[in-house]
Amino acid sequence: MKALSTQQAKSFNERLAKFANVYAAHRPLVQRVLNISFVVYVLVTTYRGLASRPPPSSSAGGKSKNIVNEGDKQDQTGKPPRVAVDALFYQRLSSILQIVIPSIRSKEALLLVMHSSLLVLRTAISLYVAALDGRIVASLVRARTKEFILNILRWLLVAIPATWTNSWLSYIQNKLAIAYRTRLTREVMKQYLGEEAEGPDGKAYYKISNLDDRIKNPDQMITHDIQRFSTHLAAIYSNMAKPVLDVILYNYQLSQNVGAEGLLILTILVQSSAIMLRRLAPSFGMYTTLSAQLSGSLRHTHSRIAEFAEEIAFLNGEQTEKILLDREYSSVLRHETNVLTRRWWFGCVEEGVIKWLWGAYGLVLCSIPVFLKLPGTRLDLGGRTEDFVTNRRLLLSSSDAFGRVMYSYKDLSELAGYTARVSLLLDTMKDVRRGKFEKALVSSATIGENANILRGHGQIIESDDIQFENVPIITPNGDVLVKSLSFQVKSGQHLLIVGPNGCGKSSLFRILGGLWPVYGGVVRKPSASQFILIPQRPYLSLGNLRDQVIYPHSKVEMEARGVTDNDLLLILAVVGMDGIVEREGGWDVMREWRDALSGGDKQKIAWARLFYHNPRYAILDEATSLVPTDMEGMMMDHATRLGITLLTVSHRPSLWKYHALILHYDGQGGYVFTKLDAEKRLALQEEKQSLETKLLEVPKMRARLTELKAIAES
């Protein structure tokens, strides 16, 4: 039995020795196969790690009223939509990349080529430095002074291209971020503000804020989110391409020193722990999206205080606004605290695995040439020291590169968050420009006749006159104010519009301006450029005094029309504002005009703007409420002389005599359109007020009569 066991052991040793001899004879070929396999494995693993995964399917057969994957709206469970590195992310990113890198001949493509070349150069320098580091330590161990000094000189010389490369990499990356942001901002602003030739089909800035609910803070998206997206996009290339290249080159060089077999074992160990980290990683993309949304909401609440400071001050609303701000800030604080907690524990696990566990693996790998006599291994102390230091340097660089590959997934998740925000902005602008809106509707809009009206589409025909034929007046939230409105106004016939609040007076103007869609009937009207609106609180732009009168024209456009500053002064004289030029210090003085002028002066400036542009129609929405009656009449007469047809909303009886037609809403969905007899209407108004005054005296007269009867009976 013992002899049989000895024979089996001997046979096994012979087979093992034979295998070792065969393996040693073919080891160079095996090394090449393993190295090639490693390169393919790294590329395939990286691709699979970044490859698109299908987004999570929604319930109810995937049908939902809300577009969850295109906004920061919440889903039906009340939770924000999950943002992940999936197929939807790559679809969004691909669309945005076509904007920021329009062609291979663009400036951005050239910067990418330069960036890639610098990344390769830096890796090559790192490989040389790793070998040089080993030679420096070896010359110290061997006590060779001349060799040590020469190596130090080489170290100083290689520092020149190394520092130049690192500085240029940072510079090119920042230039890329600026280039991306510039391209994206220009495209967004082009769609957001539109082109002049687009007319009502543009004006996405108005439709996003008033006709659609998907975006609450477009200002933050255009400024902050685009900037953060551009920075992350510029950084993600170097954070992914450079580490992958480093992993391949460093490990290839390492395999030449310690053998590809050890590298294979190290790869298996590292990859298994990397899979564990990937499964433990929180959803950083969703955190980034939600953080941007909450920060935008807090910023919007602050901006409302600045915008309505006067009203808040008069109403003593400081405590209420403070409660609102505290509520918004508490939401931000809870979210950021939650994110910090998750980042903390994941950071502990991540550093423990990447820095310490992988470091232990590396030390074992570096010891292979010392404990195992591989072919080509130097046996002297200096040679072993040089090999160990070189391998250790390569291993540290490779470990750092692999760690950056792991970290890049977190960066990619954050990029997915900003990509979702930017994509939401682009998709929403695209939708609203095509007339597709997502707005919370009132309950009555989804049932009965109102639902049928909302599904309809009206027709807009360009005409010299204004004519509505069976046109419903509907608010953006689906509230039907008037089911069918019909009237006609010819050029030169001033129209007075009256009625209670919320009956559809301003809604009519928004349809005329092309801001609201038409859900039925036929609207005949001039182009939107033939209308100018003067609201009760006119808009005053950032600029000088001249800019306020000629807005939205520039001085060059004004001069191209043949208008001079003297002509503007004559226009200001019509509204009694010719002294403002001297009072404020000239036409070119810069002010915050909404604060520098009184309410009445703002309305006069708006009338001067009307006379400068001289449109065919003017929409006046309580435009003379702060102007004296005598000046009001002068401005109305001057507008008539210029041939401007006035569409006026006002409760001032003094304006009736300037209008030929009246459109009277009753506030219950009905209306009356007829000719306006100002004298008769004034007489009726006076009689009505007289009767109302007398009726107010009736209770007093009855009480006095009762007193007199009591006195007479006593």
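What you see is a predicted model; the values in this text were computed from it and never measured. (Residues numbered from 1 in each chain as written. Predicted model: local features only at pLDDT ≥ 70, side-chain atom pairs only at ≥ 80, totals over all residues. Heavy atoms only, no water.)

### Remarks on the packing of aromatic side chains
Both the distance between ring centres and the angle between the ring planes are used here to describe each pair of aromatic rings. The final tally for this structure, using the stated rule, is ten aromatic pairs. An angle of 80° between the planes, with centres 5.3 Å apart, marks the rings of Trp168 and Tyr171 as edge-to-face. With Trp168 and Tyr171 both in helix H5 (residues 145–193) and three residues apart, this pair spans about one turn of that helix. Assessed through its relative accessible area of 31%, Trp168 is described here as partly exposed. Taking the relative accessible area as the measure of exposure, Tyr171 reaches 44% and is therefore partly exposed. Each ring, one from Phe468 and one from Phe487, has its centre 5.0 Å from the other, and the planes form 15°; the classification is stacked. Linking Phe468 in strand S2 (residues 466–474) with Phe487 in strand S3 (residues 480–489), this pair joins segments that are 19 residues apart in sequence. This pair shows no difference in class: Phe468 is buried, exactly as Phe487 is. A cation sits over an aromatic face here: Arg561 above Tyr612, 4.6 Å from the ring centre. (Phe/Tyr/Trp six-rings, centres within 6.5 Å; stacked < 30°, edge-to-face > 60°. Helix = DSSP H or I, 4+ residues; strand = E, 2+ residues; numbered from the N terminus. Buried < 20%, exposed > 50% of the residue type's maximum accessible area, 1.4 Å probe, protein only. Lys NZ or Arg CZ within 6 Å of the ring centre and 35° of its normal.)

### Some remarks on the pattern of salt bridges
Following the criterion strictly, the structure yields 17 salt bridges and no others. Arg421 is the partner of Asp225 in a salt bridge, and the nearest nitrogen-oxygen pair spans 2.8 Å. Placement of Asp225 in helix H7 (residues 218–258) and of Arg421 in helix H13 (residues 381–433) is noted, with a sequence separation of 196 residues between them. Judged on exposure class, the residue Asp225 and its partner Arg421 are both buried. Note that Glu469 is salt-bridged to Arg524, the shortest N-O span being 2.6 Å. Of this pair, Glu469 sits in strand S2 while Arg524 sits in strand S5 (residues 522–525); the two residues are 55 residues apart in sequence, bridging distant segments of the chain. When salt bridges that share partners are traced, they join Asp212, Arg214, Asp431, Arg434 and Glu438 into one network. (Salt bridge = Lys/Arg side-chain N within 4 Å of Asp/Glu carboxyl O.)

### Side note on H5
Taking 1.5 Å per residue as the helical rise, H5 with its 49 residues ought to reach 72 Å, and the 71 Å between its terminal C-alpha atoms agrees with that figure. Within H5, the axis deviates most sharply at Ala159, by approximately 30°, and proline Pro161 lies no more than four positions further along. Positive phi shows up at Gly194, right after H5, with a value of about 75°. (Expected span 1.5 Å × (residues − 1). Bend = angle between axes of the 7 residues up to and from the residue.)

### Quick look at the sheet that holds strand S4 (residues 495–498)
For sheets, the rule is that strands pair by backbone hydrogen bonds, running either parallel or antiparallel. Read across the sheet, six strands follow the order S6-S9-S10-S4-S11-S12 without closing on themselves; strand pairing throughout is mixed. Two strands lie at the open edges of the sheet, namely strand S6 (531–534) and strand S12 (671–675), each paired on one side alone. The mean angle between the axes of side-by-side strands here comes to 15°, regardless of whether they run parallel or antiparallel. Across three bridges, the pairing between S4 and strand S10 (residues 645–649) is parallel. Looking at the pairing, Ile497 lines up with Val649 of S10. Sitting on the sheet, helix H21 (residues 599–613) is in contact with S6 and strand S9 (617–621), with an inclination near 170° to S6. (Pairing = 2+ DSSP bridges. Axes fitted to C-alpha atoms, helices over the stretch in contact; angles between N-to-C directions. Contact = heavy atoms within 4.5 Å.)

### Observations concerning the packing of helix H18 (residues 565–574) against H21
Following both chains from N to C, one finds H18 and H21 inclined at 130°, their axes separated by 9 Å at the closest point. Classed by the angle they form, the pair H18 and H21 counts as oblique. In this structure, H18 crosses over H21, and the sense of that crossing is right-handed. Residues Leu568, Ile571, Leu572 and Val574 of H18 lie in contact with H21, whose contacting residues are Ile605, Ala608, Phe611 and Tyr612. Per-class residue counts for the contact of H18 with H21 are eight nonpolar, no polar and no charged. (Parallel < 35°, antiparallel > 145°, perpendicular 65-115°, else oblique. Left-handed = near helix turned anticlockwise from the far one by under 90°. Nonpolar A, V, L, I, M, F, W, Y, C, P; charged D, E, K, R; others polar.)

### Topic: the side chain of Asp621
Tracing the chain through its elements places Asp621 in strand S9. The buried charged residue Asp621 lacks any salt bridge partner; its closest oppositely charged side chain belongs to Arg510, at an N-O distance of 6.2 Å. With residues up to four places along the chain from it excluded, the contact list for Asp621 reads Ser506, Leu533, Ile534, Pro535, Gln536 and Val649. (Lys, Arg positive; Asp, Glu negative; His and termini not counted.)

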